[in-house]
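Each chain is listed here by its residues.
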Amino acid sequence: MSDGKIKFFTICLLVFFVTGTYAQQDKKTAFPHLAGKYFGQKVPVLKAELFAPGLISLEGRYEFALSFSPDGDELLFTVQVPKKPACVYNTRIVDGRWTKPKPVSLSKGAKKEEMEAFFSLDGRYIFFAPYDEGLDVRLWKVDILDGAWHNPQPLKGQISDESAFFPTSSKKGALYYSNITQKKIYKAFLEKGIVQESYEAGLKFGGHGFIAPDENFILVDSIQDEGFGKQDIYVAFRNEDGGWSKPVNLGDEVNTEYFETCPTLSSDGKYLFFSRYNEPGEISNIYWIDSRVIENARKNSHAQREKPEDDFPVLKGSYLGQKPPGMTPEIFAPGILNTKNMGAFCSVFSPDGNEFYFVYYERENDSSGGMAWMKRINNVWTKPDMLHFNSTDFDNDMCMSSGGEKLIFRSWRTLPNGEKPKDHSYLWFVERTEDGWSKAKPLHCGDVPVRTGYPSLAANGNLYFAQRNVEIFGIYRAKPVNGAYSTPEYVFTAVDSIDTEGDMFVAPDESYLIISCWDHPDNIGSGQGDLYITFRKDDGTWTEEINMGELINTQYGENCPQVSPDGKYFFFNRYNPDAKEGNIYWVDAKIIENLKPEEMK
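### Remarks on the overall build of the protein
And step 1. Of regular secondary structure, the protein possesses 3 helices and 49 strands.
And step 2. The buried share of the protein, reckoned over its 601 residues, is 55%.
And step 3. Partitioning the intrachain contacts of the protein with sequence separation of at least 6 by distance along the chain shows that 50% fall at a separation of at least 24.

Okay, here's the thing in structure tokens:
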């Protein structure tokens, strides 16, 4: 690799690459007797110190990407000396003392250069990034059997053709790596050493991502305006929705005016290791520091989060602390959900009332800005934050299961088979896990992904949705079967042969449906959509749809019907296309009972 390419690796890719070059000729001096953990070094406290000076951190070469084996008895790190191939060095405890670090070929000579070798936390593999030249970097693994290394080969599966490096793993078996082409950190799942699926980890920024063993935080490096120097190390913490906090700078205990990069942790989690490019010629050494610096950053992050926002009020109590409406609809949370540049629609509360989900839209572009949420903590609502499973392909129209364990929404994102929706959307879902919301997956009814509009869930799990681009337009229902859904069955159409029924809500007991119709002859507005309600009769059929009246419907568009989980309030959206202004409204849910035909009361 030429010096120009080395420079490109370390600086031009900013958040991803750190260069190095290793391999300094061994000095003809006796190697000292080193025993105990951490290569026999005296441990640092809360100020970064050079790691193993003169032994691992040597002048005139790059050292980076240090990894201890799970038992702490073996160490790998990357070395590079200018104009010589990058390679991995190894040292281990033999007869109670550490051996002299020596270069090893993990690929057994199959590749010219090797870097960034990491032990898996189960001790079964070493993941590393070999290459011949340029950016032709692929992830490889070797098997560890009885302390020896066997069967080096490229990682098979979904990421086999991706240019990637810095592969670190968690106790859960997930593999995090930096995708060179996308310039983002990805998360992959392996089964028997083969990558089954891979997707963006959802970080706001950063490269060289080292994942914590429990995946509760991730260390990254990045160049940011508020940083201390050329490149700093940050930590992002796992949010309750499964996404990541904004990365927090680890402070001047770690970061300086130089490049800091390639963060890792000791196998026991007690110490943070990283590289600092502070030698003449921007050559790096390995430094280490007590990992409590990460917890200090967490505390600072919490303090910032709990600090009152200048532009966001303190909201206490149910329903974002808003005064409940009467029988006349009112804007919900005026001046809070809507801003000068953003509007809001499609609101959903969690069953316990402690989470609120809605969709932002951008007024200027008149397009969806993505799905957001707020959470009530100690009776105070957090500022809205975007959900980590948002895509850039227009996500909206969501509903939540009665137990709060599943969130279903519609999206125009690309399906796993590579199909890109054109004139329709599909239903997707996420499930609540101990780490927050899972990765989004397409929802299937039978064996087919659901091509549809607005979804709604009854208390028994029955899924209702507006089916379009089919022979019979209207509302369909699919029943839960063994964790999936049955083939949809037709339920109701307000106006035959008009493919403009969309947003809908089903009562928890399936006693009524509320539907938005654009071209109904009884509409009060002029083609922007009115809300109608139909009630289910004792024989299972439905009453003729009823316009919900002038209190609800106007000359503008009304859609996104939703009733709060406690059944007290009816929420909907009203949108003025001329002003590009939309607001969430709410009203006492008694309005629904008042619309019921007399013979059904």
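### Some details on the sheet that holds strand S47 (residues 557-563)
And step 1. Pairing in this open sheet of 4 strands is antiparallel, and the strands run S23-S49-S48-S47 from one edge to the other. Of all strands in the sheet, those bounded by a partner on one side alone are strand S23 (330-331) and S47.
And step 2. When S47 meets strand S48 (residues 569-576), the two strands line up antiparallel, connected through 5 bridges. Residue pairing for S48: Gln562 is matched across the bridge by Phe571.

### Observations concerning the pairing of strand S39 (residues 474-478)
Within a regular strand, the side chains alternate between the two sheet faces.
And step 1. Among the 5 residues that make up S39, 5 are buried, leaving the element largely enclosed by the rest of the structure.
And step 2. As defined by bridge partners, strand S38 (residues 463-467) adjoins S39 across 5 bridges and the pair is classed as antiparallel. Bridging across to S39, Ala466 finds its partner in Ile475.
And step 3. Direction of pairing for S39 relative to strand S42 (residues 489-492): antiparallel, over a ladder of 3 bridges.

### Quick word on the packing of aromatic side chains
And step 1. Summed over all chains, the structure comprises 46 aromatic pairs.
And step 2. Taken together, Tyr319, Phe332, Phe349, Phe356, Phe358, Tyr360, Trp381, Tyr569, Phe571 and Trp586 form an aromatic cluster joined through their ring pairs.
And step 3. Between Arg276 and the ring centre of Tyr287, over which it is positioned, the NZ or CZ distance is 4.4 Å.
And step 4. Between the NZ or CZ atom of Arg574 and the centre of the ring of Tyr585, over which it lies, the distance is 4.4 Å.

### Topic: the sheet that holds strand S1 (residues 49-50)
And step 1. Read from one edge to the other, the open sheet built from 4 strands follows the order S1-S22-S21-S20, with strand pairing classed as antiparallel. Two strands close off the open sheet at either side, each with one partner strand: S1 and strand S20 (260-265).
And step 2. Relative to strand S21 (residues 271-279), S20 runs antiparallel, the two being bridged by 4 bridges. In the strand pairing of S21, Leu265 is matched with Leu272.

### Topic: the state of the cysteines
And step 1. In total, this model carries 0 disulfides according to the counting rule given.
And step 2. Among the cysteines around Cys560, which has no disulfide bond, Cys346 carries the closest sulfur, lying 5.1 Å off.

### Topic: the nonpolar core
And step 1. One finds Leu219, Val235, Leu250, Leu272 and Ile294 to be the most contacted residues of the largest nonpolar core, which totals 46 residues.
And step 2. When residues in this core are grouped by element, the largest group, 4 residues, is from strand S8 (residues 125-131).

### Section: the pattern of salt bridges
And step 1. Scanning the model with the defined rule gives 22 salt bridges in all.
And step 2. One salt bridge connects Asp143 with Lys141, and the closest N-O pair in it is separated by 2.9 Å.
And step 3. Note on Asp143: relative accessible area 16%, which makes it buried.
And step 4. Taking the shortest distance from any N to any O, the salt bridge between Lys596 and Glu593 comes out at 3.6 Å.
And step 5. Judged by its relative accessible area of 40%, Glu593 falls in the partly exposed class.

### So, the side chain of Ser291
And step 1. Secondary-structure assignment places Ser291 in the loop between strand S22 (283-290) and helix H2 (292-306).
And step 2. Here Ser291 falls in the buried class, since its relative accessible area comes to 14%.

### Some words on unusual backbone geometry
And step 1. With a phi close to 50 degrees, Asn482 is a non-glycine residue in the positive phi region.
And step 2. As for its position among the elements, Asn482 is in the loop between strand S40 (480-481) and strand S41 (484-485).
And step 3. Positive phi values are uncommon outside glycine, yet Glu510 reaches one of about 60 degrees.
And step 4. Mapped onto the elements of the fold, Glu510 is located in the loop between strand S43 (501-506) and strand S44 (512-517).

### Observations regarding the confidence of the model for the protein
And step 1. Confidence along the protein averages 86 in pLDDT terms, with 89% of residues attaining 70 or more.
And step 2. Here residues 303-309 scores under 50 on pLDDT; set against residues more than four positions off or in separate chains, the count is 1 contact.

### A few points about the environment of Phe217
And step 1. Mapped onto the elements, Phe217 comes out in strand S17 (residues 217-222).
And step 2. On the basis of relative accessibility, which here comes to 11%, the residue Phe217 falls in the buried class.
And step 3. In sequence terms Phe217 and Asn239 are 22 residues apart; their C-alpha atoms lie 9.3 Å from each other.
And step 4. Once you skip the residues sitting within four places of it in the chain, Phe217 turns out to touch Phe210, Ile211, Ala212, Val235, Ala236, Phe237, Trp244, Leu265, Ile294 and Arg298.

### Here we look at the side chain of Thr264
And step 1. With respect to the secondary-structure elements, Thr264 resides in strand S20.
And step 2. Classification of Thr264 by relative accessible area gives buried; the value is 0%.
And step 3. Within polar-contact distance, the side chain of Thr264 engages the backbone oxygen of Leu66 at 3.0 Å.
And step 4. Once residues within four sequence positions are removed from consideration, Thr264 is found in contact with Leu66, Phe118, Phe166, Phe210, Tyr271, Leu272 and Phe273.

### Describing the environment of Ser275
And step 1. Tracing the backbone shows Ser275 in strand S21.
And step 2. A residue is classified by how much of its surface remains accessible, and Ser275, at 1% relative accessible area, is buried.
And step 3. The spacing of Ser275 and Ile286 is 11 residues in sequence and 4.4 Å in space, taken between C-alpha atoms.
And step 4. Apart from the residues within four sequence positions on either side, Ser275 is in contact with Glu63, Phe64, Ala65, Phe259, Glu260, Thr261, Cys262, Ser284, Asn285 and Ile286.
And step 5. Separated by 2.8 Å, the side chain of Ser275 and the backbone oxygen of Glu63 make a polar contact.

Definitions and limits used
- Residues numbered from 1 in each chain as written.
- Predicted model: local features only at pLDDT ≥ 70, side-chain atom pairs only at ≥ 80, totals over all residues.
- Heavy atoms only, no water.
- Helix = DSSP H or I, 4+ residues; strand = E, 2+ residues; numbered from the N terminus.
- Buried < 20%, exposed > 50% of the residue type's maximum accessible area, 1.4 Å probe, protein only.
- Contact = heavy atoms within 4.5 Å.
- Pairing = 2+ DSSP bridges.
- Phe/Tyr/Trp six-rings, centres within 6.5 Å; stacked < 30°, edge-to-face > 60°.
- Lys NZ or Arg CZ within 6 Å of the ring centre and 35° of its normal.
- Disulfide = S-S within 2.5 Å.
- Core = buried A, V, L, I, M, F, W, Y, C linked by side-chain atoms within 4.5 Å.
- Salt bridge = Lys/Arg side-chain N within 4 Å of Asp/Glu carboxyl O.
- pLDDT = per-residue confidence, 0-100.
- Polar contact = N/O pair within 3.5 Å; in protein donor to acceptor, adjacent residues only side chain to side chain.

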